[in-house]
Amino acid sequence: MKEETKLIQNILSDPLTGAISTPIYQTSTYVQESPGVHKGFDYTRTNNPTRKILERLITDLEYGYASLAFSSGLASIDAVLKLLECGDEIVAVDDIYGGTFRLLNLYKKLGISTKFVDTTNAEKAISEISNKTKLVWLESPTNPTLKISDIKYISNKSKKKNSKILVVVDNTFASPAIQNPLKLGADIIIHSATKYLSGHSDVLAGLITVKKPDLYEKLKYIQNASGGVLSPIDCWLTIRGCQTLFLRIKKQSKNAFQIASFLEKKKNSCIDKVYYPGLSNHKNHLIAVKQQRYFGGIVSFSLKNDTIESAKKIVTSTNVFKLAESLGGTKSLICHPSTMTHKSTPLKIRMNAGIQDSLIRLSMGIENVEDLIEDIDQALK
């Protein structure tokens, strides 16, 4: 079956009642026949039937061994970082999500260091790997400048240099509708399911998918010990959202390409740079063509007048695009990373990663693209 069909058909009807919609098992505990003898569920922190269905669903979508659902994207990232020990090192993409940067800063206090590298330069990224490196951390596309890393090349070269290295890919911006990092050689995939997977801006959720059984057992232990699990109702909402993933991604990607093309024409006036991997002049366009099915629903751009004040004037002047954190929902959003999503990232690191003061990030919804273009055009004027 093709991916779209497989996604829908793998959400099975309830064997007990025949319900076509996944039941919400809103329970904290389960009756046991005798101590330790039960139907596979003893306590919802450890296992829940609704959560299990979501985990199977994302495992199938990402061609993995198994998955785990967490209470937020950062909770899933935190679980992966708990695989490390004092003295370990991470080689991470420089243009990294601000929340991940903040969390890595906390782990620095525990003796786990991070080298931030432009991973679009694959050889440079590989050269930074040392005998202390345990994780290579990629986002592709990155947040918010949409850099594309060659996942297959970096995965292969990293493991040749050190076979014990784990390659982690935050696949939030792409989603499994666009790319499957495990098939490209990665070991762990992370999703903020808050974004494209749930797709309606009504859930906080995180997901991890792994390639091998040993990784699953380690992360399952960490999840059960730490307790950051996704609630049954949020599992159900994410399952429901996933069912329209391919439809939404196609529409959002189409909208994004047309918006990016419109902004390109404004580069002679007020626009400085436009970031969208679907544009042929994007420096990583050919890698995106090679490893992605679509180019995604995010477009970023910076202004010739590179100030926070000029960016604020635009992000507070749109009507269809709503000024808000997050992305990936059905409604189009506009965001100013320097004062919102990446506020906790120090100025020097932001600038080195290409996050200018005037950088603006657009998350495409599923509205009519003519209305979106008209809204941006009036805001720029």
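Heads up: these notes are all about the structure in this document. (Residues numbered from 1 in each chain as written. Predicted model: local features only at pLDDT ≥ 70, side-chain atom pairs only at ≥ 80, totals over all residues. Heavy atoms only, no water.)

**A look at the overall build of the chain**
Summing up its helical and strand segments, the chain has 13 helices and 12 strands in all. The long-range fraction of contacts in the chain, counting pairs at least 24 apart against all pairs at least 6 apart in sequence, stands at 72%. With the model as given, the accessible surface of the chain reaches about 16,500 Å², and the carbon-plus-sulfur share is 54%. (Helix = DSSP H or I, 4+ residues; strand = E, 2+ residues; numbered from the N terminus. Contact = heavy atoms within 4.5 Å. Areas by Shrake-Rupley, 256 points an atom, 1.4 Å probe, with all protein chains shown as cover.)

**Focus on helix α9 (residues 245-265)**
Given a rise of 1.5 Å per residue, 21 residues ought to cover 30 Å, and the 30 Å separating the end C-alpha atoms of α9 matches this to within 8%. Three or more residues of α9 are buried, namely Leu245, Phe246, Arg248, Ile249, Gln252, Ser253, Asn255, Ala256, Ile259, Ala260, Phe262 and Leu263. (Expected span 1.5 Å × (residues − 1). Buried < 20%, exposed > 50% of the residue type's maximum accessible area, 1.4 Å probe, protein only.)

**Some remarks on the nonpolar core**
Ranked by internal contacts, the top residues of the largest apolar core, which has 32 residues, are Leu7, Leu54, Leu57, Leu197, Leu207 and Leu245. Counting residues per element, the ones that place at least two in this core are α2 (49-62), α8 (232-242) and α9. When near neighbours in sequence (up to four residues on either side) are disregarded, Leu245 contacts Leu7, Ser175, Pro176, Ala177, Tyr196 and Leu197. In terms of nonpolar packing, the next biggest core, distinct from the first, is built from 30 residues, Tyr107, Ile112, Leu135 and Trp137 among them. (Core = buried A, V, L, I, M, F, W, Y, C linked by side-chain atoms within 4.5 Å.)

**Considering the pattern of salt bridges**
If you walk through the whole model with that rule in mind, you get 17 salt bridges. Across the pair Lys250 and Glu4 runs a salt bridge whose closest N-O atoms are separated by 3.4 Å. Here Lys250 is found in helix α9, whereas its partner Glu4 is found in helix α1 (residues 3-9), with 246 residues between them in sequence. Glu4 sits in the partly exposed class, given a relative accessible area of 32%. What you see here is one network of salt bridges that share partners, running through Glu89, Lys115, Lys124 and Glu128. (Salt bridge = Lys/Arg side-chain N within 4 Å of Asp/Glu carboxyl O.)

**Regarding empty space enclosed by the protein**
If you walk through the whole model with that rule in mind, you get one cavity of 30 Å³ or more. What lines the largest cavity is Pro141, Leu146, Phe173, Pro277, Phe295, Gly296, Gly297 and Ile298. Residue composition of the lining of the largest cavity, by class: six nonpolar, two polar and no charged. (1 Å grid on protein atoms, 1.4 Å probe; cavity = no way out; pocket = protein on both sides within 12 Å on 5 of 7 lines; lining within 4 Å. Points joined across faces, edges and corners; volume = space filled by probe spheres on them. Nonpolar A, V, L, I, M, F, W, Y, C, P; charged D, E, K, R; others polar.)

**Structural notes on the sheet that holds strand β12 (residues 360-363)**
The pairing of strands in a sheet happens through backbone hydrogen bonds and is either parallel or antiparallel. One open sheet accounts for five strands, arranged β8-β9-β12-β11-β10; its pairing is mixed. In the strand order of this sheet, the two ends are held by β8 (271-275) and β10 (322-323), each with one partner. Both strand β9 (residues 298-303) and β12 contribute to a ladder of four bridges, which runs antiparallel. If you follow Val299 over to β12, its bridge partner there is Leu362. Against the sheet, α9 touches β8, β9 and β12, its axis set at about 15° to β9. (Pairing = 2+ DSSP bridges. Axes fitted to C-alpha atoms, helices over the stretch in contact; angles between N-to-C directions.)

**Here's the deal with the pairing of strand β6 (residues 188-192)**
Across the five residues that make up β6, a large majority, five, are buried. Judged by which residues are buried, β6 turns out to be covered on both faces: Ile188, Ile190 and Ser192 on one side and Ile189 and His191 on the other are all buried. Sheet topology note: the strand β5 (residues 166-170)/β6 ladder contains three bridges and is parallel. Looking across to β6, one finds that Asp170 is bridged to Ile190.

**Concerning the packing of aromatic side chains**
Counted according to the given criterion, the structure contains three aromatic pairs. The ring of Tyr63 has Lys183 lying over it, and the distance from NZ or CZ to the ring centre is 4.2 Å. (Phe/Tyr/Trp six-rings, centres within 6.5 Å; stacked < 30°, edge-to-face > 60°. Lys NZ or Arg CZ within 6 Å of the ring centre and 35° of its normal.)

**Some details on the sheet that holds strand β3 (residues 113-117)**
Within the open sheet, the seven strands sit side by side as β1-β7-β6-β5-β4-β2-β3. Their pairing is mixed. Strands at the two margins of the open sheet, each flanked by one partner only, are β1 (66-70) and β3. Taken pair by pair, the neighbouring strands of this sheet meet at an average axis angle of 20°, ignoring direction. Pairing geometry for strand β2 (residues 89-93) and strand β4 (residues 133-139), over four bridges, is parallel. Among the inter-strand pairings, Ala92 is bridged to a residue of β4, identified as Trp137. Contacts between helix α3 (residues 73-81) and the sheet are confined to β1, β2, β4, β5, β6 and β7 (206-210), with β6 contributing the most and set at about 155° to the helix.

**Quick notes on unusual backbone geometry**
Ser140 connects to Pro141 through a cis peptide bond whose omega is -5°. Along the polypeptide, Pro141 turns up in the loop between β4 and α6 (151-161). Between Asn143 and Pro144 the backbone carries a cis peptide bond, its omega angle lying at 15°. Relative to the elements of secondary structure, Pro144 occurs in the loop between β4 and α6. Although it is not a glycine, Tyr63 sits at a positive phi angle of roughly 55°.

**Description of α6**
All of the buried residues in α6 are Ile151, Ile154, Ser155 and Ser158. In a view along the axis of α6, the buried residues occupy a sector of 100°, so they form one face of it. Close packing links the buried residues of α6 with α5 (122-127), β4, β5 and α10 (285-291). (Arc of directions from axis to C-beta.)

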